[in-house]
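Residue strings, one per chain:
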Amino acid sequence: NLSICIPTYNRAKFLNIMLHRLTSSIDKYNLHSSVEIIVGDNCSTDNTANVLRKYTKRGVKSYRNKDNQENRWSHKHRNPIKRAHLLIPCEVLD
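Rules and cut-offs
Residues numbered from 1 in each chain as written. Predicted model: local features only at pLDDT ≥ 70, side-chain atom pairs only at ≥ 80, totals over all residues. Heavy atoms only, no water. Helix = DSSP H or I, 4+ residues; strand = E, 2+ residues; numbered from the N terminus. Buried < 20%, exposed > 50% of the residue type's maximum accessible area, 1.4 Å probe, protein only. Contact = heavy atoms within 4.5 Å. Areas by Shrake-Rupley, 256 points an atom, 1.4 Å probe, with all protein chains shown as cover. Expected span 1.5 Å × (residues − 1). Arc of directions from axis to C-beta.

Participant: Can you help me understand the overall build of the protein chain in this one?
Facilitator: Summing up its helical and strand segments, the protein chain has three helices and four strands in all. Secondary structure elements of the protein chain occur, N-terminal to C-terminal, as β-α-β-α-β-α-β. Evaluated residue by residue, the protein chain yields a buried proportion of 34% over its 94 residues. Residue pairs at least 24 apart in sequence account for 74% of intrachain contacts in the protein chain once pairs closer than 6 positions are excluded. Accessible surface computed for the protein chain: about 6,100 Å², of which carbon and sulfur atoms make up 52%.

Here it is in C-alpha cells:
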C-alpha cells in the first residue's frame, strides 16, 4: 500500500494540477484500495481550501493547521497513515 503525503502552503494552482494528475492515475489503474493521498495545508490564505474540497470528493484526505507551522509536517497529519507500506512525501513546488 502507498501513502502520498503532500504538505502545501499557498500553492493552490500547482496543488490542483498535482492532485488532478494523481487522482486521474489512481482512477485509470483502479488503485483506490491501495493508494491514499493526504494533503497537509499549512494555513493557506489562497484558494487551497477550495481545491481540497474538490478533491475530497475523489477520496483525497486533507488536514489544515490552525496556524502556520513553517516547514513542519504536523504529527496529526502522520497519525492517519496506518496502511502504508511505502510512504512518499511530495511537495508542491512552483
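Participant: Mind showing me how you'd approach helix α1 (residues 12-28) here?
Facilitator: An α-helical segment advances 3.6 residues per turn. Residues three or four places apart therefore align on the same side. Along its 17 residues, α1 runs 24 Å from first to last C-alpha, staying within 8% of the 24 Å computed at 1.5 Å per residue. What α1 keeps buried is the set Ala12, Leu15, Met18, Leu19, Thr23 and Ile26. Down the axis, α1 shows its buried residues gathered within 125 degrees of arc, on one side only. With respect to the buried face of α1, the exposed residues turned more than 90 degrees away are Lys13, Arg21 and Lys28. Buried residues along α1 sit against β1 (2-8), β2 (35-41) and α2 (48-56). Directly beyond the C-terminal end of α1, a positive phi value near 50 degrees is found at Asn30.

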